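Remarks on the overall topology
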Amino acid sequence: MKHAFQWILVAVCLLGVGAANVKASSGESVKDGMMQAIKGRDRVLPNDSTRVQLGADSTLVALTHALDSVVVTGDHITHYADRDVVRITREMRKGARNTAQMLGNIPGIDCDYSNNELKYYGSQNILILVDSIERSADYVKELHHLRYDKVDIIPNPLGKYEEYDVVINLHTKENYEGYEGNLSNSLDYLPTDGNGKDKQLKGDNAAGSFTYTRNKWNFVGRYNFNFHQHEKYMETTNIDYVNRLQEDEVGKGKYTNDLLGHNLYTAIDYQVNKNHSLSASYNYSNTTTDNDTHRFIERLWLDTEAKDTVEVTNKTLQHNDRHTLGLHYRGKTGGWNYYYDFNYINEQWTYDRMYRQSSGYSADNNHDNRMDYIWMALGSDSRFFDQRLALGVEYDYTWKGYEQKDQNGGALLSVNDYVRNNLHMWMSYRIARNTNVSFNASAQHIHNRSLSYTDNNMVYRMGGVFYHRWNDQIWMRVNYWNNVSYPSLNLVSEYGYFTDSLTWSGGNPALKTNVNHSGRVWVDFFNLFNVQMGYVYSPNQFSTMTDIGEGILPSGEYGQYIVKMPQNTAYQEGWASFSIFKRVKAFTFSAYLRYRYLEASYKERKQANQGFNGNIIGRYYNEKHRLTVTLGYYLNNGYVVVPEGWKDTELHFFNFFCSKDFFNQRLNASVKYVLPFLPKDYTESESKSLIHYNHQYLDTRAFDAHALLFTLAYRFHGGKSVRQYNRSMQNEK
C-alpha cells in the first residue's frame, strides 16, 4: 500500500484525459485549456550564474502577429522551437493579485498563493527576468502584473542561464509610468509545541518595496527580513568497519536550527532611447544560521562486545555577508541586437564548529572564508531571410577566487581559483509553418589552480531542439542539451579535519568539471494535458565517497580512520511525467504526476532509487467578493542517490488556502493550513560500503502537522499607467 496514493493520482489524471478526449471529439472548444504547472522556489543571482540566449525575444515577440508562419494557441500563446511567447490576457489576470499568481495561469507554471513560490512542471529551478535583465525574484513576484504585457517561457536555456530548468522573461509595457509600494508580513505558526522550544512561532517573513517609473527612468528598492526556527528528532545508526565500532542513538537525537536574515536590494534603469538602455543593481544580504545537535550514543565494539554511552554535542554557527553588483546594457542597431553584462560578487563568511564528547574528546574548527566572483558577457544576434533564420554569438569570461583562513592564527588553509573563457553560438530556423529547429554549440577553456594543483581543460558542448505542430490540437518538442556544473569551495578545498575522533573530512582540488547530458520528448494534446519523457547522464557528478586513511588520530595514537572526500562519479536518470490543467469559469483543476528512476556508480560501488511525486489542486475564485479558495493534495516526495547510498523524503498532506482582497485589491489577508494525510511523514537515508554504514530516520510530521501560515499584504500604487489600466481593464481580451 506504500504507493497507493500515487496510483490514485494516476487514475485522476487518466480520468482527465478521458474527459479531454470526449470534449475534443464532440467539437467543443478547449480554448481555455492549459497545461498543468506546479508551485516552487526561485533562486536569485547564484554565485555562478551562466546566461541564456535572449537576443531574439523582443524582436521575436514584436513580429509574432505579422508573420503568417506563427502558430498561435488560444489567441495568446505562440510556440517556437526553444520558447513559448505568451500575451497576457484578462483571463490570466483574473484572480491574480500579483505577478507570481498571474504567472501561475500560464501553461507549465503554477503558483503557491500562500508564499508566491513557483514551479515549472515540478521543478523549482527557475529564474525570472524583466526585459532580459536579472531582478530579485521575490521583488518581481510581489509586483502588480499590470506593468507587463508579454512573457517568454524558455525551457532548458543555453549559455549564462544554462543551470536553470526554465527562464521566465517578463516584458514591460511600452511607456509604462507609475509608482507602486508593497508591504507584507507572514507568520508561520504551530498550534502545538512542534518546534520543541516552548514557542509556537516557526518563522516570520517581512518585506517592503517601492518602485517608481517615469519617462526614461525606473527606480527600485526592497528590504526583506526572515526569521526561522525549528527543532527535530532523528534516529541514527552508524557502523565503522575499519575500527569495528557501532554507534546507535539512545532515544532520539535533538537537532535545532535557527536562521536570521536581512536582505537589501536596489536597482536603477535608464532608457537612453528606443534602441538603447542601461541598468544597474546592488544586493546586500546578511544571514546567520545556528545549528545545534545534542545526542546520547551507545557505542559497541564489535570484536570485544564492550559497550559504553557518551553524550555528544555539536554546534555550528555560520555568518554570511554578501554583496552583489550588476551592470547591464541592451542595444539595437539596424537588424542586430547587442547586450553586455557585468556581475561582481563579494561574499565573506565565518564558520565556527564545536564538537564535544563526554569521553573527553573535543574538536574546534573555526574558519574565515572569502569568495570574489567576476562575470562578463558580450553578445549579439539577428534574423535573416524574412525572419526564418536567427543567428547569435556570445563570449563570456568568468573568474572566481576562494580563500580560507584559520580564525585563530590566521594561517592560510586553502586557495582556489578558476578562469573560464567561453564562446557560444546558436541558430534557429523555421523549416515550415509548423516546424522549427534550433542548434547551439560552445567551446570553453577552464583553468583551475590551488596551492598544490593546477589543471587546464577544454569543454565542448552542443545541443538542439526540434518543434513540430501536427494541427491546432497537438504539438511536440524534442530537446537535447548540456549543462555544466563546477565544484564549490567546500568540494575543492585542500584543507581537511577530523569531524569526530575516527572520521576525517576534506576537499578534492582535482575534481573535474561536470557536463550533464539531457534529452526530452514533450507532446502536448488539446492545450489541456501533456506527456513528457526524459533521460539525464552525468559522467562527473560530485559525490562524497569514503575510504581508509592511516596516520595520527586526534587521540595522539597511530591508527586507521575513515576518510570522506568528494569524487567525480557517474549518474543517470530516466523520468516520465503527466500533467493536466483545466479552467471552467471560476474553477481551476490541475493534476501532476512524475516518476523517476535514478542510478549512481563509482568504480565497483553502485546504488539505485526510484519513486513518484505529484499533486492534485482545485482552486475557486469569486470575482465579486475577491475571494480565492484552494484545496490541494500533495506528494512532496524527494529521491536522491549516490554511489554509496540513497535518501528518500515522503511527505503526503492536504493544503487548504483562503485569501481575500479588500479595498480594490490594496489589502490582502490569507491563511494556509497543512493537514498530514498519512500517520507519519519522514526523511530516511542510508549509506553503505565495505568501510562504513550509516542509517538515519527523521519523523517530519510533528514539525509540519497542522501548521498555519498567516499573511497580511498591503499595496499602494498610482500614476498614469495605473489610471489607464483601471479604465481599460474591462476591454482587455
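Criteria and cut-off values
Residues numbered from 1 in each chain as written. Predicted model: local features only at pLDDT ≥ 70, side-chain atom pairs only at ≥ 80, totals over all residues. Heavy atoms only, no water. Helix = DSSP H or I, 4+ residues; strand = E, 2+ residues; numbered from the N terminus. Buried < 20%, exposed > 50% of the residue type's maximum accessible area, 1.4 Å probe, protein only. Contact = heavy atoms within 4.5 Å. Salt bridge = Lys/Arg side-chain N within 4 Å of Asp/Glu carboxyl O. Pairing = 2+ DSSP bridges. Phe/Tyr/Trp six-rings, centres within 6.5 Å; stacked < 30°, edge-to-face > 60°. Core = buried A, V, L, I, M, F, W, Y, C linked by side-chain atoms within 4.5 Å. Polar contact = N/O pair within 3.5 Å; in protein donor to acceptor, adjacent residues only side chain to side chain. pLDDT = per-residue confidence, 0-100.

1. Remarks on the overall build of the chain
Of the regular secondary structure elements, the chain holds 8 helices and 39 strands. The burial tally for the chain puts 55% of its 733 residues in the buried class. The long-range share in the chain, meaning contacts at least 24 apart out of those at least 6 apart in sequence, stands at 65%.

2. What to know about the environment of T544
Relative to the helices and strands, T544 is located in strand β28 (residues 529–552). For T544, a relative accessible area of 44% puts it in the partly exposed group. As a C-alpha pair, T544 and S505 span 39 residues in sequence and 9.5 Å in three-dimensional space. Leave out the neighbours within four places in its chain, and T544 touches K564, M565, P566 and E644.

3. Let's talk about unusual backbone geometry
The phi dihedral of R244 is positive, around 55°, even though this residue is not glycine. Relative to the helices and strands, R244 is located in the loop between β13 (217–240) and β14 (245–249). For E305, which is not a glycine, the phi torsion comes out positive at approximately 60°. When you line up the elements, E305 lands in the loop between β16 (276–301) and β17 (307–333). By relative accessible area, which is 63% here, E305 ends up exposed.

4. Let's talk about the pattern of salt bridges
By the definition in use, this model includes 28 salt bridges. E604 is the salt-bridge partner of R605, the closest N and O atoms lying 3.6 Å from each other. Where salt bridges share partners, they join R147, E180 and R715 into one cluster.

5. Some remarks on the pairing of strand β19 (residues 362–384)
Judged from the 21 bridges that link them, strand β18 (residues 336–357) and β19 form a sheet pairing that is antiparallel. What sits directly across from F342, in β19, is M376. Where β18 folds back onto β19 in an antiparallel hairpin, the turn is made up of 4 residues, including G360, whose phi is positive at roughly 110°. Hairpin connection of β19 to strand β20 (residues 389–406): 4 residues between the antiparallel strands, including F385 at a positive phi of 55°.

6. Some thoughts on the side chain of S209
Following the sequence through the fold, S209 ends up in strand β12 (residues 201–214). Accessibility expressed as a relative area gives 7% for S209, which makes it buried. Not counting chain neighbours up to four residues away, the residues in contact with S209 comprise Y139, E142, E180, G181, N182, G221 and R222.

7. Remarks on the packing of aromatic side chains
Describing an aromatic ring pair means giving the distance of the ring centres and the angle of the ring planes. Evaluation of the coordinates by the stated rule reveals 23 aromatic pairs. Arranged with centres 6.1 Å apart and planes meeting at 55°, the rings of F526 and F529 form a pair that is tilted. Both residues of the pair, F526 and F529, belong to the buried class. Considering the side-chain rings of Y714 and F716, the 6.4 Å spacing of their centres and the 35° angle between planes classify their relative orientation as tilted.

8. Brief notes about the nonpolar core
If you look at the biggest cluster of nonpolar residues, it comprises 37 residues, and the most contacted ones within it are L103, V151 and I153. Excluding residues within four positions of it along the chain, I153 makes contact with R83, D84, V86, I106, I109, Y120, V166, V167 and I168. In terms of nonpolar packing, the next biggest core, distinct from the first, is built from 13 residues, I297, V312, Y361 and V563 among them.

9. Notes on the side chain of S689
Note that S689 resides in the loop between β37 (682–688) and β38 (692–699). In terms of polar contacts, S689 uses its side chain to reach the backbone amide nitrogen of I691, at 3.1 Å. With sequence-adjacent residues up to four places away left out, S689 is seen in contact with Y241, T546 and E644.

10. Brief notes about the confidence of the model for the chain
Summing up the model confidence of the chain, the mean pLDDT is 84 and the portion of residues at 70 or higher is 86%. Counting interchain partners and residues more than four positions distant, the pLDDT-below-50 stretch residues 7–74 has 216 contacts.

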